[in-house]
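Here is what each chain is made of, one letter per residue.
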Amino acid sequence: MAPSLEEPEAVADVIANPLKQKPQLVAPEPEHCPGPESERAGTASSCEGCPNQAICASAPKGPDPDIPIITARLENVKHKILVLSGKGGVGKSTFTNLLAHAFSTNPDSTVGVMDADITGPSTAKMLGVEDETIHVSATGMSPVWVTENLAVMSIQFMLPDRDAAIIWRGPKKNGLIKQFLKDVEWGELDFLLVDTPPGTSDEHLSVNSFLKESGIDGAVVVTTPQEVALLDVRKEIDFCRKAGIRILGLAENMSAFVCPNCKGESQIFRASTGGGRALAEEMGIPFLGSVPLDPRIRMACDYGESFFDSFPDSPACVAFKQVVRNVGRQLGLDEESVLPE
Ligand SMILES: Nc1ncnc2c1ncn2[C@@H]1O[C@H](COP(=O)(O)OP(=O)(O)OP(=O)(O)O)[C@@H](O)[C@H]1O
């Protein structure tokens, strides 16, 4: 069946109103918002004066009935990994895609990528499938298959115009994330990688709450060596700890730049306080490795090609393979199954 956005009502409905059964909140929540599904929603002292108070007070309370459905949908997903960063632009989506390509080098592994960066989706482009649309059947939405064993789901596939801005408040974004977990036919996956927006926002909270029951294996946290990125990544680590998400490790990206002409090394994002390794040590989390700047990574991302397959012997790819092996080690997997030679 030819994919079409107009055709499947379910998809159009997702775009139009992903929280059909949920209250449509009209403004950002107050600072100590108990959450629209909390028993105290609309009645807590922090709800006083919130324009959503009446909606929240009358909304259904108690455990989310969709959580068991998500758990059942993902029962054949072996490892769920979040890719997080404190600061934007440090290479989180790049790492998600490199990890996806790396894990899928094992023909016996099947990898899924879910783009939870709803307002800034870049995964589909980086994987070279941004012009695809999704198929919808009675049993759910099919992800887009990049290769035989690598699938991706992104809001990008649902947009009538790929340049369209997605201007959504938290509840609507959360609704779509839920659809990605509940209604996508992920099938049997060895790895589900979740690319998230920078920081600690609605998307992180919803991914965490929707996956809590089925279990998140852990988070790969990405930073650059510069101080402003490290400052933000501390908050991300704190978020993981507060949310009970295991940190598989911290990876440093754009660590150095080796000039392809003179071979001289420059520290573009100079680490004035020891960079990712020192931070990982200080915070007591594993350090997964450092990946240098390589303009071919940027090119591969822009052209939707696999840097991993195109430049396997480049210093950046060799460094990245070390990160992949370390992630595998943290998951207790044997090296050959994670990254066959
Ligand atoms: N090691 C690297 N060498 C060269 N370019 C890189 C490297 N890592 C990432 N890039 C490039 O940096 C840019 C930002 O990367 P990316 O989009 O992955 O960051 P992000 O943290 O996901 O950003 P966002 O905040 O938008 O989610 C991209 O153009 C990507 O191709």
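Everything numeric in this text was worked out from a predicted model, so none of it was measured.

> Which residues make up the overall build of the protein, and what are the values?
When you go through the protein residue by residue, the secondary structure sums to 13 helices and 11 strands. By its C-alpha atoms, the protein is 65 × 50 × 40 Å across when sized along the principal axes. Buried positions account for 54% of the 341 residues belonging to the protein. The contacts of the protein with a sequence gap of at least 6 include a subset with a gap of at least 24, amounting to 76%. Only carbon and sulfur atoms are counted for the fraction: they give 52% of the accessible area of the protein, which is about 15,300 Å².

> Talk me through the confidence of the model for the protein; I want residue IDs and the actual numbers.
Here the protein shows a mean pLDDT of 85. Residues at 70 or above account for 90%. Below pLDDT 50 for its whole length, residues 1-27 participates in 60 contacts with residues either more than four positions away or in separate chains.

> With reference to specific residues and values, describe the site of the ligand.
In the neighbourhood of the ligand, 18 residues make up the surrounding shell, with Gly89, Lys92, Ser93, Thr94 and Asn253 lying closest. One of the backbone nitrogen or oxygen atoms of Ser93 is found 2.8 Å away from an oxygen atom of the ligand. The separation between a nitrogen atom of the ligand and a polar main-chain atom of Asp294 is 2.9 Å. Relative to its unbound accessible surface of 630 Å², the ligand loses 81% to contact with the protein. Elements with a minimum of two residues in the shell around the ligand: α4 (92-103), β9 (247-258), β11 (287-293) and α10 (295-303).

> Outline the packing of α4 against helix α12 (residues 315-330), listing residues and values.
Contact geometry for α4 and α12: axes closest at 10 Å, N-to-C directions at 75°. With respect to α12, the element α4 is oriented roughly perpendicular. Contacts between α4 and α12 involve Phe95, Leu98, Leu99, Ala102 and Phe103 on the former and, on the latter, Phe320, Val323, Val324 and Val327. Residue classes in the contact of α4 with α12 are distributed as 9 nonpolar, no polar and no charged.

> So what about the pairing of strand β5 (residues 144-147)? Which residues, and what values?
Pairing of β5 with strand β6 (residues 150-153), which is carried by 3 bridges, proceeds in the antiparallel orientation. Bridge pairing in β6 links Val144 to Val152. From the end of β5 to the start of β6, which pair antiparallel, there are 2 residues.

> Which residues make up the environment of Ala280, and what values do they have?
Along the polypeptide, Ala280 turns up in helix α9 (residues 275-283). Placed 234 residues apart in sequence, Ala280 and Ser46 show a C-alpha to C-alpha distance of 36 Å. Each residue touching Ala280, except ones within four places of it in the same chain, is listed here: Leu250, Ile285, Pro286 and Phe287.

> Go over the UniProt feature "binding site: [4Fe-4S] cluster 2" (unreviewed entry) in the protein, please, and point to the residues and values.
Here the UniProt-annotated "binding site: [4Fe-4S] cluster 2" (unreviewed entry) positions come out as Cys259 and Cys262. Given a relative accessible area of 17%, Cys259 falls into the buried group. When you line up the elements, Cys262 lands in the loop between β9 and β10 (265-266).

> Break down the packing of aromatic side chains for me, citing the residues and quoting the values.
Summed over the entire model, instances satisfying the criterion amount to 4 aromatic pairs. Aromatic side chains Phe95 and Phe320 sit 5.2 Å apart centroid to centroid with 85° between the ring planes, which places their arrangement in the edge-to-face category. With Phe95 in helix α4 and Phe320 in helix α12, the pair connects residues that are 225 residues apart, well separated along the chain. For Phe95, a relative accessible area of 1% corresponds to the buried category.

> I'd love a proper account of the nonpolar core, names of residues and values included.
Counting residues in hydrophobic clusters, the biggest one holds 90 residues, and the most contacted among them are Phe103, Met114, Phe320 and Val327. Apart from the residues within four sequence positions on either side, Val327 is in contact with Ile81, Leu99, Phe103, Val220, Leu248 and Leu288.

> Kindly report on α12, identifying the contributing residues and their values.
Its 16 residues give α12 an end-to-end C-alpha distance of 23 Å, which sits within 8% of 22 Å, the value for a rise of 1.5 Å per residue. Listing the buried residues of α12 in full gives Ala316, Cys317, Ala319, Phe320, Lys321, Val323, Val324, Arg325, Asn326, Val327 and Gly328. In the stretch just after α12, Gly332 is the one whose phi turns positive, near 75°.

> Please give an account of the packing of helix α6 (residues 170-182) against helix α7 (residues 202-211) that cites residues and values.
Viewed as axis vectors pointing N to C, α6 and α7 meet at an angle of 40°, and their least axial separation amounts to 9 Å. The interaxial crossing formed by α6 with α7 has right-handed handedness. Counting all contacts with α6, which are made through Gly170, Lys173, Asn174, Ile177, Lys178 and Leu181, the residues of α7 involved are Asp202, Glu203, Ser206, Val207, Phe210 and Leu211. Looking at side-chain class alone, the contact of α6 with α7 contains 5 nonpolar, 3 polar and 4 charged residues.

So, how was this worked out
- Residue positions are given per chain, counting from 1 as you read along its sequence in written order.
- Side-chain atom pairs in this predicted model are given and counted only at pLDDT of 80 or more, local residue features only at pLDDT of at least 70, and totals for whole chains, interfaces and linings cover all residues.
- Based on all heavy atoms of the structure, the side-chain values leave hydrogens and waters out of the count.
- Starting at the N terminus, helices and strands are each numbered in turn, a helix being any DSSP run of H or I of at least four residues and a strand any DSSP run of E of at least two.
- Summary of the burial criterion: residues with accessible area below 20% of their type's maximum are buried, those above 50% are exposed, and those between are partly exposed, where the area comes from a 1.4 Å probe applied to protein chains only.
- Residue contacts are defined here by distance: any two heavy atoms, one from each residue, within 4.5 Å place the two residues in contact.
- Reported accessibility uses the Shrake-Rupley method at a 1.4 Å probe radius. Residues are deemed covered only where the shown protein chains occlude them.
- Residue-level confidence of the predictor, termed pLDDT, takes values from 0 up to 100.
- Near residues are defined by distance, with any heavy atom within 4 Å of the molecule or strand qualifying the residue.
- Counted as a polar contact is a pair of N or O atoms within 3.5 Å, where, for protein atoms, one must be capable of donating a hydrogen and the other of accepting one, and residues adjacent in sequence contribute only when both atoms are in side chains.
- Each axis is a line fitted through C-alpha atoms, taken for helices only over the stretch in contact, and angles between the N-to-C directions span 0 to 180 degrees.
- Just so you know how the angles are binned, under 35 degrees is roughly parallel, over 145 roughly antiparallel, 65 to 115 roughly perpendicular, and the rest oblique.
- Each residue is assigned to one of three groups, with Ala, Val, Leu, Ile, Met, Phe, Trp, Tyr, Cys and Pro labelled nonpolar, Asp, Glu, Lys and Arg labelled charged, and all others, Gly among them, labelled polar.
- Any two strands are treated as partners once DSSP identifies two or more bridges connecting them.
- UniProt positions are given in the numbering used here, feature names are shortened, and annotations may be inferred rather than shown by experiment.
- What counts as a ring pair is set by centres within 6.5 Å for rings of Phe, Tyr and Trp (its six-membered ring), and what kind of pair is set by the plane angle: stacked under 30 degrees, edge-to-face over 60, tilted for all other angles.
- We define the nonpolar core as a collection of buried residues of types Ala, Val, Leu, Ile, Met, Phe, Trp, Tyr and Cys that are connected through side-chain atoms lying within 4.5 Å of one another.
- Helix span, expected: 1.5 Å multiplied by one less than the number of residues in the helix.
- In a left-handed crossing the near helix is turned counterclockwise from the far helix by less than a right angle, and in a right-handed crossing that turn is clockwise.

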